[in-house]
Amino acid sequence: MTKLVRVIDMERCMGCRACIAACHVENHLTPGSPWNVMIEHEVGRYPYARTVFTTMNCMHCEDPSCKHACDAIGVHAITKNELGVVLVDYDKCIGCRYCAAVCPYGVPQYTESLSELYPGEGKTPYEALPDSTRHPTHRKRANVVEKCTFCWHKLEKAVAAGRESEIGRHPDYTPSCDLVCPVEARVFGDLDDPTSPVSEYLGRKKATQLKKEFGTRPQVYYVLEGGDY
Amino acid sequence: MTTRLARLAFALCMAVSAAALGADSKPGLKGIGDRIRAGQAEVGTDYSMDAKRGRFHIIHSKELGMRCAACHQGKTYVDDYISVRREGPRKGPGRYINNSCTGCHAKGGPATRFYGTAGR
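A quick note: this is a predicted structure, and the numbers were derived from the prediction, not measured. (Residues numbered from 1 in each chain as written. Chains lettered and ligands numbered in written order. Predicted model: local features only at pLDDT ≥ 70, side-chain atom pairs only at ≥ 80, totals over all residues. Heavy atoms only, no water.)

1. Section: the sheet that holds strand 1 (residues 4-9) of chain A
As a general point, the strands of a sheet are linked pairwise by backbone hydrogen bonds and lie either parallel or antiparallel. Residue and element names in this part refer to chain A. As summarised here, the arrangement of the three strands in space is 8-1-9, forming an open sheet in which the pairing is mixed. Two strands in the sheet have a free side with no partner beyond their single neighbour: strand 8 (186-190) and strand 9 (220-223). Neighbouring strand axes in the sheet, compared pairwise and without regard to direction, differ in orientation by 20° on average. Pairing geometry for strand 1 and strand 9, over four bridges, is parallel. (Pairing = 2+ DSSP bridges. Helix = DSSP H or I, 4+ residues; strand = E, 2+ residues; numbered from the N terminus. Axes fitted to C-alpha atoms, helices over the stretch in contact; angles between N-to-C directions.)

Pasting the structure below:
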């Protein structure tokens, strides 16, 4: 079995937002519907105040509440595939936003209308790329929900080439946000492979999932300052 | 001895009233849920978040009688730092917190299950 997980080390993250930029470029950002965000907030009081950075994307839960909601109303637009990646099928999505309502992490992003990256200046050549040249997960449209795919367009290449073991190791088979981190605060790979970088990282440092009280069993782990909560 | 008896009687009273309350409220919620799922309740067919026409709000506010403030936290966002939509547009009656959903929508609850059970 392959269980793809991501570890985000908040002890290392310095809030540079390289992961956010990489995601926006790699996944054809829809303005207003980001797949990866940086949340920063201050903790402590002067003179001991400091900023904490939390980068968030889809948690690709093992027991995804978004999928439960979508299935409950008979739409079945959300699937969890063989590698544990939760994907939205834009052709099936009816834009009801039930998934957005039930996700404890606020991940699914509803796009009311597609707007330009530079309003009033027309589409950039990048935005003007026809759908036929884009991966299905990048064929953005209005009135559907979209979210992080763990860069499925890259992972499926590994599956097609029979090189699942190189996911998280080879740049072509690793999500872009994890590749660009200058302080190596992000690790991605197969948790069921004890030799994978992600398994080794989790063996070294104590990591936890966010909002465990919802019981959705996220596949994104965080190394928190101060340990578990 | 008298104190112990009094304590026992009090505990018994509390247990009986809790059981009676549970017996009253649980089947009620479950009954409404069953009726909705069986298509016997007039909740419409609009699967949207529209506050007036959408099933979501009709079920929760009309059928179940929940007030807006039971879920929505006013005009601003709650202090939930771990939400991708935290920085999103501030529309409608404000951000809701999913913790209020788990009472019914967690495993073993009376409503459609969306959430599991907390575990390590």
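Here the narrative resumes, following the displayed structure.
2. Considering the interface of chain B and chain A
Tallying the contact residues gives 26 residues for chain B and 36 residues for chain A. Counting the surface lost from both chain B and chain A, the interface buries some 2,700 Å², and carbon and sulfur atoms represent 59% of this. Sorting the residues of chain B by area buried against chain A places Tyr47(B), Ile82(B) and Val84(B) first, and these three jointly supply 26% of that buried surface. Counting every contact that joins chain B to chain A gives one salt bridge. Linking Arg113(B) and Asp63(A) is a salt bridge whose minimum nitrogen-to-oxygen distance equals 3.1 Å. Inspection of the region where chain B meets chain A yields seven residue pairs in polar contact (both at pLDDT 80 or more). (Contact = heavy atoms within 4.5 Å. Buried area = accessible area lost by both parts, 1.4 Å probe. Salt bridge = Lys/Arg side-chain N within 4 Å of Asp/Glu carboxyl O. Polar contact = N/O pair within 3.5 Å; in protein donor to acceptor, adjacent residues only side chain to side chain.)

3. So, the state of the cysteines
Residue and element names in this part refer to chain A. All chains considered together, the criterion is met by zero disulfides over all chains. The closest cysteine sulfur to the non-disulfide-bonded Cys66 is located on Cys58, 6.3 Å from its own sulfur. Note on Cys70: no disulfide assigned, nearest cysteine sulfur contributed by Cys96 at a separation of 6.4 Å. (Disulfide = S-S within 2.5 Å.)

4. Re the environment of Leu210(A)
Note that Leu210(A) resides in the loop between helix 6 (197-204) and strand 9. Leu210(A) sits in the buried class, given a relative accessible area of 4%. (Buried < 20%, exposed > 50% of the residue type's maximum accessible area, 1.4 Å probe, protein only.)

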